Amino acid sequence: MSSAFADIAFTPNVKAMQTRMGSRQAYRAAEHEPPEEPALGPYEIAFIAARDSFYQGTVSETGWPYVQHRGGPAGFLKVLDARTLGYADFSGNRQYVSVGNLVGDDRVSLFLMDYPNQTRLKILGRARLIDEDSAPELLARLETPDYRARVERGVIIHIEGFDWNCPKYITPRYAESQVVQRIKEATAALTAQTPAPQLPATEVLGHGELALTISGVRQLTPRIRAYTLRADDWADLPPAKAGAHLAVPVRRPDGAVVIRQYSLAGDPGRRDAYEVAVLRQYEGGGAQAIHDTWQLGTRLRVALPINHFLLHGDSRPAVLIAGGIGITPIKAMAQTLGRRHVAFELHYTARTPIDMAYREQLAGDFPGRCFTYYSRQPGQPRLDVAELLRRAAGDAVIYVCGPRPLIAAVRSAASHLGMAPERVQYESFS
Ligand SMILES: Cc1cc2nc3c(=O)[nH]c(=O)nc-3n(C[C@H](O)[C@H](O)[C@H](O)COP(=O)(O)OP(=O)(O)OC[C@H]3O[C@@H](n4cnc5c(N)ncnc54)[C@H](O)[C@@H]3O)c2cc1C
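Calculation notes
Residues numbered from 1 in each chain as written. Predicted model: local features only at pLDDT ≥ 70, side-chain atom pairs only at ≥ 80, totals over all residues. Heavy atoms only, no water. Near = heavy atom within 4 Å. Polar contact = N/O pair within 3.5 Å; in protein donor to acceptor, adjacent residues only side chain to side chain. Areas by Shrake-Rupley, 256 points an atom, 1.4 Å probe, with all protein chains shown as cover. Helix = DSSP H or I, 4+ residues; strand = E, 2+ residues; numbered from the N terminus. Nonpolar A, V, L, I, M, F, W, Y, C, P; charged D, E, K, R; others polar. Domains from an automatic or database assignment. Expected span 1.5 Å × (residues − 1). Buried < 20%, exposed > 50% of the residue type's maximum accessible area, 1.4 Å probe, protein only. Arc of directions from axis to C-beta. Contact = heavy atoms within 4.5 Å. Patch = residues over 30% accessible without salt bridge, like charges linked within 9 Å, V, L, I, M, F, W, Y side chains within 5 Å. Salt bridge = Lys/Arg side-chain N within 4 Å of Asp/Glu carboxyl O. Lys, Arg positive; Asp, Glu negative; His and termini not counted. Charge placed at Lys NZ, Arg CZ, Asp CG, Glu CD. Pairing = 2+ DSSP bridges. Axes fitted to C-alpha atoms, helices over the stretch in contact; angles between N-to-C directions.

> Explain the site of the ligand here, please?
Close contacts around the ligand come from 19 residues, with Arg260, Gln261, Tyr262, Leu279 and Gly286 the closest. Separating an oxygen atom of the ligand from a side-chain N or O atom of tyrosine 262 is a distance of 2.7 Å. About the coverage of the ligand: the protein hides 67% of its 960 Å² of free accessible area. Elements with a contribution of two residues or more to the shell around the ligand: strand E12 (257-263), strand E13 (274-279) and helix H8 (286-293). Classifying every residue of the shell around the ligand gives 8 nonpolar, 9 polar and 2 charged. Taken domain by domain, the shell around the ligand gets at least three of its residues from each of domain 2 (204-307) and domain 3 (318-427).

> I would appreciate a short explanation of helix H12 (residues 404-416) in the present structure.
Helical geometry note: an α-helix holds 3.6 residues per turn, so side chains three or four residues apart project in the same direction. Given a rise of 1.5 Å per residue, 13 residues ought to cover 18 Å, and the 18 Å separating the end C-alpha atoms of H12 matches this to within 8%. Of the positions making up H12, those classed as buried are Leu406, Ile407, Val410, Ala413 and Ala414. Projected onto a plane normal to the axis of H12, the buried residues spread over an arc of 135 degrees and lie on a single side. Turned more than 90 degrees away from the buried face of H12 sit Arg404, Pro405, Ser415 and His416, all of them exposed. Against the buried residues of H12 lie strand E16 (318-323), strand E17 (344-350), helix H11 (385-391), strand E19 (397-401) and strand E20 (424-427). Glycine 418 sits one or two residues past H12 and shows a positive phi near 75 degrees.

> I would appreciate a short explanation of a negative patch on the surface in the present structure.
Residues Asp131, Glu132, Asp133 and Glu143 make up a contiguous surface patch of negative charge. Checked against the element boundaries, aspartate 133 lands in the loop between strand E6 (119-130) and helix H6 (136-142). A relative accessible area of 72% places aspartate 133 in the exposed class.

> Would you mind showing me how to read the sheet that holds strand E14 (residues 299-302) here?
Adjacent strands of a sheet form backbone hydrogen bonds with each other and so pair up, either parallel or antiparallel. Spatial strand order, E8-E14-E9-E10-E13: 5 strands in an open sheet with mixed pairing. Every interior strand has two partners, whereas the edge strands, strand E8 (204-205) and E13, have only one. Strands strand E10 (224-231) and E13 of the sheet are contacted by H8, whose axis makes an angle of about 115 degrees with E13.

> I would appreciate a short explanation of the sheet that holds E12 in the present structure.
One open sheet accounts for 3 strands, arranged E12-E11-E15; its pairing is antiparallel. Each end of this open sheet is capped by a strand with a single partner; those strands are E12 and strand E15 (306-307). Bridge count for strand E11 (residues 244-251) against E12 is 7 bridges, and the pairing is antiparallel. Residue pairing in the sheet places leucine 246 in a bridge with tyrosine 262 of E12.

Below you can see the structure in the form of structure tokens.
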């Protein structure tokens with residue numbers, strides 16, 4: 001512990017308590033260190049740059065402490081020099097408790113957590129507020145490129161002391177992006193260890209009129225893999241409307257060739273390639289065989305796409321509801337409706353964000369129209385089908401694809417609301 005930190009934190013009352021509890025002797029040494037500048041070193045600077053949140057304590061003029069959680073893109077708390085930190089204050093709930101406190105008392109206590117590595121850094125300092133008028137250049141240094149929130153002011157913190165804490169009682173927790181990264185690393189390690197069983201290069205499965213080659217493979221979630229299929233000669237493929245599926249031949253591990261259906265999940269506006277996304281499910285099943293054997297260059301002969309889940313052709317609005325892997329035809333529908341400028345909402349539910357194929361793409365392509373729900377994520381919104389249908393426009397057409405209970409819930413809610421059955425279109429994968 002630095003003497004600067006101990007000088008501030010170890011008040012007479014704190015020292016008296018340490019004496020009573022028998023820890024005074026151990027901490028006295030820190031106070032007898034020669035006074036030193038509380039300057040951040042390379043380790044602290046790297047640690048601060050990696051944080052995407054911290055806690056900040058301030059003191060009100062009535063003496064109450066107030067702790068605020070601050071979050072932003074990693075590195076939003078900037079190290080301006082070895083004794084100065086700063087961050088941009090984005091417009092938030094407009095209570096202004098922290099900044100109000102800083103007007104009366106400039107002392108702050110920052111608490112920076114690294115949960116996965118069970119490490120924390122405590123910083124004591126004095127803060128001052130700047131804005132566009134008082135310090136435009138300094139404010140510009142606090143901005144984070146590509147982060148769109150509006151900057152109201154900057155907070156500049158002069159460091160008076162800091163201290164690292166022991167890892168005891170910190171439960172390792174991981175951000176979603178860290179979980180995804182770890183799964184990627186584990187998957188890559190597994191793939192490197194286990195050579196995938198391959199179809200003989202000369203084998204062409206199936207006898208359909210379309211000759212297709214796999215030209216792309218992407219891992220969308222830990223259990224869902226997308227395959228791009230092109231014509232063998234890379235010519236345009238037959239057009240396929242949203243809701244269509246391919247019936248593909250699959251050789252199971254027991255040698256039997258079976259047919260399995262997969263909805264076309266690619267943009268129906270594209271003629272150069274089809275895309276299917278396959279959820280790996282049961283041991284020994286066709287989906288598992290696809291994951292284990294389909295690779296770049298695998299050749300298939302399949303029948304022309306079939307469509308039992310067609311979109312309406314007029315301008316009535318649509319409500320699209322997808323559960324889990326049921327997103328595949330629904331995604332193509334959203335892309336078609338978007339291109340036709342027909343009003344729609346997309347409601348997408350899955351167990352957790354990690355289970356959601358195309359989640360980021362859909363959120364980016366349809367801002368304000370794509371809503372996500374999680375059934376196994378405590379504290380996150382869950383899909384309320386009855387409420388959704390109650391709010392739907394009087395002429396909206398409802399499309400649902402997903403697990404049987406979801407389809408049943410939508411049909412039952414529609415029936416209770418007296419919707420004509422033809423206004424609810426659905427496709428079940430099983
Ligand atoms: C029109 C249509 C479109 C489809 N689109 C897609 C898509 O885009 N993506 C996708 O991933 N799938 C899609 N499917 C589902 C797909 O066709 C397969 O049914 C799925 O991949 C499972 O096949 P499988 O051979 O692995 O399982 P199978 O071995 O064929 O199992 C079939 C059924 O048996 C039962 N079953 C088997 N093993 C178990 C077990 N261990 N525990 C519990 N139940 C079990 C399940 O009810 C399962 O549905 C679609 C289906 C249809 C009809």
